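If you want the building blocks of each chain, they are given just below.
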Amino acid sequence: MANSDLTSRLTVIFRRVFDNETLNVSRGITADDVEGWDSLTHINLIVAIEREFKIHFTTREIAGLQNVGELMDLVSRKAGVSD
Amino acid sequence: MLSLTKSMVTSLDYSELALAGRGANLQCLPKLRLALLSDAATQLLVPLLRELFRRGGFALELYEAPFASIELEVLNPGSGLYQFQPDIVVLLNSTQALRVAYFQARQTGSDFASEVEARMVSVWDAIHGNTAALVIQANYVMPYERVFGNYDLKHAGSWYDTVGEINRRIALKARERAHVLVNDIDAVASWLGRRVWFDERFWDLAKSFCATEFLPAVAQNITRISLAARGRNVKCIVLDLDNTLWGGVVGDDGVEGIQISAHGDGEAFHRFQSFLLALKKRGILLCVCSKNEHAAAIRPFEEHPEMVLRKDDITIFVANWENKAENIKRIRESLEIGYDSMAFLDDNPFERDSVRGILPDVIVPELPEDPADYVKALAELNLFETTSVSKEDSARADLYRAEFERRSVASSFSNFDEYLASLDMRLDVARFESSRLSRIAQLLQRSNQFNLTTHRYNEGECEAMMRDGQCIPLYASLRDRFGDHGLISIIVARPRTAQNVLEITDWLMSCRVLARGVEECLMNHIVRQCAARDLEFISGTYIPSAKNAMVKDFFAKFGFERVEETTEGSTHWRLRVADYRELKTYVHPQVTDQAFAAEAL
């Protein structure tokens, strides 16, 4: 999976979940930077990513994410493709 | 207006629904005030509920209580819950929260169940004491952990056994309280699969009580119960015959050639007919609409020994070569019900699409290709939700059939008056009483057309009026020589002695008994009562709805003068009692002494 492909697929998901058509996904973004990103929308985000990439996160993985970069690394690893 | 049609028969995807719920336009829809109280997080459920209620024709006004504050909200008369003045209070208890309490508890399983039951009942009763709202209580989804394996069921007080015990108690206690309906969330979860229902990650992280993909099913269950409580019920099923009610084509294969035997190749159809018969006994009308020669189509009902449905089970039988939508229109006119309370079942996708296209409000579910799955498909759609059962329900199908007999009698009388006189109609008029409250509330929810103000009082509110000395809540039941129509009309009036006025706030009647002289009989009676009590005026209001245009000029017919019209189209009317001229009627009133009694008079 090419990184740009990962970014564009995640961007589609983020825009849908946070209902914001101008949102751009980049590694440095954290929950504080995105309006409406709380523990509940976090669930929507995780479920949408699990569905899109057909992967499954553990509770620890979900709770431990610090920023979008870590999320991207996790998705790449779980989806079985390195950058 | 979108009816419940679409929300009932389309599949429900979580993210689509959640998105649809965000931008929904709710203007023009009647409001419904719903309070949501839970020991789990419910924020994800909210947009789904909004969207499903919108599809059902209601703008949802929602009160979300703070997380896990059910008792705090309910026991405090000054809480946000009561300030909100809900129509419906949804109580959503989660198995996960119960699990925490169970494993911390020091009591035995049975004591624990008693305590949970007592707390729940005190919540219901506190709500009942503070508001007339309907309560929709979820039961618990049966847990997936079985500490003893299958032996859990044999071991009294095990976690699994205790949840089952609590669910049983919820059902029993709810039966004793008309204002409490059960949201059988365990049935929803079991259908979908408890293995995937519980997503423990999201409970741990955010107290979400089930996997998000199943939240729409939870929201839909709550919506269905609420809409049923608002009178959105399926009242009539219109059935195709060939390959729907039986296998094969009766016109080609003959009565002997169709498949309907309880064993062998007809078993699926036999099962389907048995399910339909159970619905008919519950009060849902069955009609036939088939492209067939009438004589051939009716023969299986009369002659085939293994048919479950007989001719008498069918309220209206239409078999001809005309367009089915046209035939359904005629059936609707005869029954005087709304399209949105009719479901059409046909194995042929062309006929289904054509009816959907012409009559979009009729509920037309997809039927599976395999007739073996017909009942299962209908069960999954849960089209026949109801919130009460009364004697009138089970007699309804027979009453309607008697009505059609009555109409054929009518055609043999040259003079309609002569016919009405021959019916020997007797109208019992009485004040609301406890034993009739369930039927009274049901009629209040269901009457749309002959309904002057369309106030949807629930059973609790009816009970309050019954006990209110300042209120005259009346019901009327009609009998004639063909049978008993049951309770068919409701009038609520309030004497305003200071203004010398009797104010009629509600007047509604079942359309089954239109044009019989029932309303004339009732108005004559009311005017006489006012005259006897020296009340000088009677006033009344008409509030237009989507369906009640037929009573727009109701008061004018009785000689009331229009005194006011609001910009919304509501009209206010007034009659000087001394000016009233009695209208002719062949209905004989049988009035109990207390019927009109109110302490205020």
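Residues numbered from 1 in each chain as written. Chains lettered and ligands numbered in written order. Predicted model: local features only at pLDDT ≥ 70, side-chain atom pairs only at ≥ 80, totals over all residues.

## A few points about the overall build of chain B
The criterion, for reference: Think of it this way: any DSSP run of H or I at least four residues long counts as a helix, any run of E at least two long counts as a strand, and we number them from the N terminus. The contact criterion used here is simple: two residues whose C-beta atoms, placed from the backbone, lie within 7 Å are in contact.
Counting secondary structure elements, chain B contains 24 helices and 17 strands. Sequence separation of 24 or more characterises 74% of the internal contacts of chain B that already satisfy a separation of 6 or more.

## Quick look at the overall build of chain A
Formally: Put plainly, a residue is buried at 20 or more neighbouring C-beta atoms within 10 Å of its own, exposed at 12 or fewer, and partly exposed in between, counting only other residues' C-beta atoms, which are placed from the backbone.
Within chain A one finds four helices and zero strands. The order of α-helices and β-strands along chain A, N terminus first, is α-α-α-α. By the burial criterion, 14% of the 83 residues in chain A qualify as buried. At a minimum sequence separation of 6, the contacts of chain A that also span at least 24 residues come to 57%.

## Overview of helix α22 (residues 459-467) of chain B
For α22(B), every residue scored as buried is listed here: Glu459(B), Glu461(B), Cys462(B), Glu463(B) and Met465(B). For α22(B), the secondary structure elements touched by its buried residues are α21 (437-446), β11 (472-480) and β12 (483-496) of chain B.

## Digging into the interface of chain A and chain B
Stated precisely, the cut-off is as follows: In this classification, the charged set is Asp, Glu, Lys and Arg, the nonpolar set is Ala, Val, Leu, Ile, Met, Phe, Trp, Tyr, Cys and Pro, and all remaining amino acids, among them Gly, are polar.
Contacts between chain A and chain B engage ten residues on the former and twelve residues on the latter. Elements with a minimum of two residues in the side of chain A that touches chain B: α2 (39-53) and α3 (59-64) of chain A. The leading source of residues in the side of chain A that touches chain B is α2(A), at six residues. Partitioned by chemical class, the residues of the side of chain A that touches chain B number six nonpolar, three polar and one charged.

## Points about the nonpolar core
All names here are of chain B. Note the threshold: Put simply, a nonpolar core is a cluster of buried Ala, Val, Leu, Ile, Met, Phe, Trp, Tyr and Cys residues tied together by C-beta atoms within 7 Å.
Counting residues in hydrophobic clusters, the biggest one holds 77 residues, and the most contacted among them are Val89, Val90, Leu91, Val135, Ile136 and Leu215. Top contributing element to this core by residue count: helix α12 (residues 215-229), with eight residues. With sequence-adjacent residues up to four places away left out, Val90 is seen in contact with Leu34, Ala35, Leu36, Leu37, Ile136 and Ile222. The next biggest cluster of nonpolar side chains, apart from the first, holds 49 residues, and it includes Leu452, Tyr475, Leu478 and Cys521.

## Quick notes on the environment of Asp186(B)
Residues and elements named next belong to chain B. In this structure, Asp186 sits in helix α9 (residues 185-192). In sequence terms Asp186 and Ala138 are 48 residues apart; their C-alpha atoms lie 8.4 Å from each other. Among all residues touching Asp186, those that are not within four sequence positions of it are Asn139, Tyr140, Val141, Met142 and Asn167.

## Observations concerning the packing of helix α13 (residues 250-257) of chain B against helix α15 (residues 294-303) of chain B
All names here are of chain B. Our working rule: Lines are fitted to the C-alpha atoms to define the axes, a helix being fitted only along its stretch in contact, and any angle between axes, read from their N-to-C directions, falls within 0 to 180 degrees. Roughly parallel here means an angle under 35 degrees, roughly antiparallel means over 145, roughly perpendicular means 65 to 115, and every remaining angle is called oblique. Crossings are sorted by hand: turned counterclockwise from the far helix by less than a right angle, the near helix makes the crossing left-handed, and turned clockwise it makes it right-handed.
Interhelical geometry of α13 versus α15 gives an angle of 15° and a closest axis separation of 9 Å. One finds that α13 runs roughly parallel with respect to α15. Handedness of the crossing formed by α13 with α15: left-handed. Residue-level contacts link Val250, Gly251 and Val255 of α13 to Ala296, Ala297, Arg299, Pro300 and Glu303 of α15.

## Some words on the sheet that holds strand β6 (residues 236-239) of chain B
Residues and elements named next belong to chain B. Threshold: By definition, two strands form a pair when at least two bridges between them are found by DSSP.
The strand order β8-β7-β6-β9 describes an open sheet built from four strands, whose pairing is parallel. In this open sheet, the two edge strands, each paired with only one partner strand, are β8 (314-320) and β9 (342-345). Mean inter-strand twist for the sheet, computed between neighbouring axes without regard to direction, equals 15°. The pairing of β6 with β9 spans four bridges and is classified as parallel. When the sheet's bridge partners are listed, Val238 is paired in β9 with Phe344. Against the sheet, α15 touches β7 (285-291) and β8, its axis set at about 145° to β8.

## Points about the sheet that holds strand β13 (residues 501-509) of chain B
Residues and elements named next belong to chain B. Reading across the sheet, the eight strands line up as β15-β16-β14-β13-β12-β11-β10-β17 and stay open at both edges, with mixed pairing between neighbours. Edge positions in the open sheet fall to β15 (561-565) and β17 (587-591), since each of these has one partner strand only. The average undirected angle you get between the axes of adjacent strands in this sheet is 25°. Pairing of β13 with strand β14 (residues 537-542) involves four bridges; the strand directions are parallel. When the bridges of β14 are listed, Glu503 appears paired with Ser539.

## Thoughts on the environment of Val308(B)
Residues and elements named next belong to chain B. Mapped onto the elements of the fold, Val308 is located in the loop between α15 and β8. Residue Val308 is classed as partly exposed on the basis of its 19 C-beta neighbours within 10 Å. Along the backbone, Val308 and Arg271 are 37 residues apart, and their C-alpha atoms lie at a distance of 8.9 Å. The contacts of Val308, once residues within four sequence positions are left out, are His270, Gln273, Ser274 and Leu277.

## A look at the pairing of β15(B)
Residue and element names in this part refer to chain B. In terms of burial, β15 is a largely surface element, zero of the five residues being buried. Bridge count between β15 and strand β16 (residues 571-576): four bridges; the pairing is antiparallel. By the bridge assignment, Glu561 is partnered in β16 with Arg574.

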